[in-house]
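Architecture at a glance
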Amino acid sequence: MSHFSLELPTIQNWNCHSCSECCKQHGIFVTDEDKARIEKQQWTEADGIPTGQELFVKEGTWPGKTWFRLSQPNGACVFLNDEGLCRIHAKYGEPAKPLACRIYPYAFHPAGSKVAVSVRFSCPSVVQNLGQPVSSNRKEIRGYANQVVPANVRDAEPPELSPGTRLGWSDLLPAVEVLDRLFAADDAPVLIKLLRVLYWVGLIEQSKFDKLSGERLREFWEIIASASVDAFGKQTPIGDIAPPSRIGRSQFRLLAGQYARKDTYADDRSLRGRWRLLQMALALTRGRGTVPAVQSCFREVPFSKLEEPFGQLPEEAEEMFTRYFRVKVQGMHFFGRPFYGVPFVEGVHSLVLVYPSVLWIARWLAASDERTSLTRDDIVKAITIADHNHGYSPAFGTWGFRRRVRNLAQMGDIAKLCAWYGR
Ligand code: SF4
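Residues numbered from 1 in each chain as written. Predicted model: local features only at pLDDT ≥ 70, side-chain atom pairs only at ≥ 80, totals over all residues. Heavy atoms only, no water.

What the three strands build is an open sheet, ordered β1-β6-β5; its pairing is mixed. Looking at which strands have only one partner, the edges of the open sheet turn out to be β1 (5-7) and β5 (106-111). Across this sheet, the average inter-strand angle for adjacent strands is 35°, counted without regard to direction. With three bridges joining them, β1 and strand β6 (residues 114-119) adopt parallel strand pairing. (Pairing = 2+ DSSP bridges. Helix = DSSP H or I, 4+ residues; strand = E, 2+ residues; numbered from the N terminus. Axes fitted to C-alpha atoms, helices over the stretch in contact; angles between N-to-C directions.)

Attention shifts here to the domain arrangement of the chain. Its domain assignment divides the chain into domain 1 (5-155) and domain 2 (157-423). The C-alpha centroid of domain 2 is placed 27 Å from the C-alpha centroid of domain 1. Every contact between the two is made by 33 residues of domain 1 and, on the other side, 27 residues of domain 2. Roughly 2,600 Å² is buried in total at the junction of domain 1 and domain 2, and carbon and sulfur atoms are behind 58% of that figure. Of all residues in domain 1, Ile11, Phe121 and Val127 bury the most surface against domain 2, accounting for 23% of the area lost on that side. Inspection of the region where domain 1 meets domain 2 yields 14 residue pairs in polar contact (both at pLDDT 80 or more). Looking at the side of domain 1 that touches domain 2, the elements that each hand over two or more residues are α1 (21-25), β5, β6 and α5 (124-127). (Domains from an automatic or database assignment. Contact = heavy atoms within 4.5 Å. Buried area = accessible area lost by both parts, 1.4 Å probe. Polar contact = N/O pair within 3.5 Å; in protein donor to acceptor, adjacent residues only side chain to side chain.)

This is how it looks when you write it as structure tokens:
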């Protein structure tokens, strides 16, 4: 008997369309049971696994425990066959696959007495909203949750609101609901909604919470949400927003470059690999010459090309971004334990920065193809690339990365970056 209820995203569809992107993009960790089961399956040359091919790679050790992932020769899972299908699934059925593969793209996060379900947008079917409503897969998702959510999940401490301020779940969750409503508003484009969210979270940063709780705090979340809507109406002239500062742009390029990278565990960790990363970081800081191609889908294009106006975003971008933000908010996938332990306020800043980062990546994809406007496919691909890292790349939880987010917030550059790359 499970002691938690599930909170599913209300606006997301999904079914697997067997594109095999997840088998190429992600490092796949296996549990002890997965490893034992796969070893018993006795894979041979006749199944397409060459003799001598290692199935597992040792990823690290922790006192008393060794972690393994599936090996990825040539950048794809060892069990991916030439038709782009999973050999384990084909031979033994879905339940025989590693737990991580069965659960993807779902993610489960503590939310008081509930568990919030988020969905990973590194899956192209998620980004395009393909398949059945997630809510219609409740039974299947419940089965996954029972396997991965710890029995004491309801004891999880609520994350901080801002550094040094911690509210109980019953005071924190209404703030998450108001944030979702700010993104759900249908009276303004997503860029305006982001400006409102930044204004709202700025008011939270300036407030003291020692005397506010319960109904009065609920009222407070609502009052400042109304103030943010009043501050940024539908007709807010975006063209009047100043360009981001020079330092802000340099900090942003480093952040967006990190979003553009593919940090799978198949990455080159040699001295040469590390040297290459350092060179990339220097190039991104300077922002002169050409952008170093951090993945094979990019070409080296002049930095200046990514700063030019790209015109109106494709029509579908509004819906995709709105759904992205709402799923991440409803799924508690932007602060606390699921997001490097950052407080709510910092998590909101990081979440908003996904918008200019995705648009910077989309511009890079278009420029790699010698285009000066964005297509729907550029946005789809850019979201899959960025979300591969958001909340998962260890680099995003480092002191340097988090300081970059805080600097951009303190300099007032986040709103400017949203407007700059949204033009
Ligand atoms: S990326 Fe998504 S659609 Fe493609 S195989 Fe993986 S789960 Fe299925």
